[in-house]
Amino acid sequence: MAQSDWPISLNPKGTALHGVSLPTMGTLDSFASEKLAELERAHLRRRLALSLREDGLWITRNGKRLLSFSCNDYLNLTHHPALKTAAIAAIERYGVGSGASRLVTGNHPLLAELEARLARLKRTAAACVFGSGYLANAGIVPTLVGKEDMILIDELAHACLYAGTQLSPARTFRFRHNDSSHVEEILRKERARFRNVLLLTDGVFSMDGDRAPLRALAALCAAHECWLMADDAHGLGVIGAGRGSAAAAGADVHVPLQMGTLSKAIGSYGGYLCASAPVIDLVKTRARTFVYSTGLPPASAAAAIAALDIIETDPALTAKPLAKARRFTARLGLPEAESPIVPLVVGSAEAALDAAAKLAAEGFLVVPIRPPTVPAGTARLRFAFTAGHRDDDILRLANAVSRAVGDIRTEVPAPCPPSS
Ligand SMILES: *Cc1c(COP(=O)(O)O)cnc(C)c1O
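Residues numbered from 1 in each chain as written. Predicted model: local features only at pLDDT ≥ 70, side-chain atom pairs only at ≥ 80, totals over all residues. Heavy atoms only, no water.

### Here we look at the overall build of the chain
Here comes step 1: Per the secondary structure count, the chain includes 14 helices and 14 strands.
Here comes step 2: A compact globule built from 420 residues should have a C-alpha radius of gyration of about 22 Å, and the chain, at 22 Å, falls within 12% of that.
Here comes step 3: For the chain, the spread of C-alpha atoms along the principal axes amounts to about 60 × 55 × 55 Å.
Here comes step 4: Residue burial in the chain is summarised as follows: out of 420 residues, 51% are buried.
Here comes step 5: Contacts in the chain between residues at least 24 apart in sequence constitute 70% of all its contacts with a sequence separation of at least 6.
Here comes step 6: For the chain, the exposed surface amounts to about 19500 Å²; the carbon and sulfur share of it is 55%. (Helix = DSSP H or I, 4+ residues; strand = E, 2+ residues; numbered from the N terminus. Rg over C-alpha atoms; globule rule 2.2 N^0.38 Å. Buried < 20%, exposed > 50% of the residue type's maximum accessible area, 1.4 Å probe, protein only. Contact = heavy atoms within 4.5 Å. Areas by Shrake-Rupley, 256 points an atom, 1.4 Å probe, with all protein chains shown as cover.)

The following block contains the structure:
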């Protein structure tokens, strides 16, 4: 890497920083080194690449400017002047940090305003903003279900829904991806043994780009008295005229727990839950990641509010990322995109790394996705389309992908069998 490209000086080996001499290797370091070597052999070692995003589309990495198809900044709002102005104004007035948990002194009025705006957009009575989407899921799930309860979770649900699941003593059943008949089968067999049941799914699946059958799941939840929770991190701002996948499923589809993030299409940072007033009050009283974690900084809330202004007033913008993704899938003869996310499964981690390197050589940043983020044998290229991608660049990308991946595989092999 050309270190002169970066404003900070890096130690090339990342070892003896600042001239401090380090203690010799003990069991802890040898544990870490051996583990890393093992991951390296399996092509699963991960490395951070310094990434400079100077606008919502281009990234400079290793001294090279690449057109990114890997950002979740679907509406390119991270660099929108209205969001920057709102964040800067909030910093000037209120400072940088929120100072404490929201239950102590960190409950800035901008957070209440943001919650009211999210509830309005999602058509729920109330909302709760968390420090991040991950924190939201890790807090919500154990607040709602415990020892005598049951969790049903899509096998491909996001890692942080699984994190929430692991923090709850509820009995967990994984169902086959987007398979409502499997959900029904489990409910028929198991429902009676449990008090409350929480069904967890992504609204838009983060690594597959497909959408949950929310209408069918909501009907099953109504019939078997279960609580449906959809994680719409990749739906807000880009599906259902910007209102997300529950809205897209239909006004009559009841999704009582609508969770999401402010860090993707919204372009800021933070997580949220939209739900009824009593549920939100309970979450604010009991969710440990809400109670024991510092409130979101005012600037992040101000930027998110500015983003919601844009999303609510510009439905044409919210439709663009999906339209762009569909140009790409049409060009390559892939199944029509259901969201701005398009996966191209190549199989092995090595093949995914190789394909990504070929695309980088042609000026495109497409980060390969490997296990454990996706099931073994389903390593893939994951393309994320944004409103600002130009059609001719999408065609150039499609051509480069054909060359890089030669024999395009479109079918996702069956993931590991569900366990209960
Ligand atoms: C990114 C993501 C999250 C986590 O949100 P953060 O705000 O980035 O912590 C949660 N769920 C899904 C489906 C995601 O893709």
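### Overview of the pairing of strand β2 (residues 58-61)
Here comes step 1: Looking at chain direction, strand β1 (residues 52-53) and β2 are connected through two bridges and run antiparallel. By the bridge assignment, L52 is partnered in β2 with T60.
Here comes step 2: In this structure, the hairpin formed by β1 and β2 is closed by a connection of four residues.
Here comes step 3: Of the strand pairs in this sheet, β2 and strand β3 (residues 64-68) are connected by four bridges, and their pairing is antiparallel. Within β3, the position partnered with I59 by the bridge is L66.
Here comes step 4: Here β2 hands over to β3 after two residues, with N62 in that stretch at a positive phi of 50°. (Pairing = 2+ DSSP bridges.)

### Focus on the site of the ligand
Here comes step 1: The immediate surroundings of the ligand are formed by 14 residues, with G133, D231, H234, T261 and K264 found nearest.
Here comes step 2: Between a nitrogen atom of the ligand and a side-chain N or O atom of D231, the distance comes to 2.5 Å.
Here comes step 3: Contact between the ligand and H234: an oxygen atom at 2.6 Å from a side-chain N or O atom of the residue.
Here comes step 4: Contact with the protein chains hides 88% of the accessible area of the ligand, taken as 380 Å² for the molecule alone.
Here comes step 5: Per-class residue counts for the shell around the ligand are three nonpolar, eight polar and three charged. (Near = heavy atom within 4 Å. Polar contact = N/O pair within 3.5 Å; in protein donor to acceptor, adjacent residues only side chain to side chain. Nonpolar A, V, L, I, M, F, W, Y, C, P; charged D, E, K, R; others polar.)

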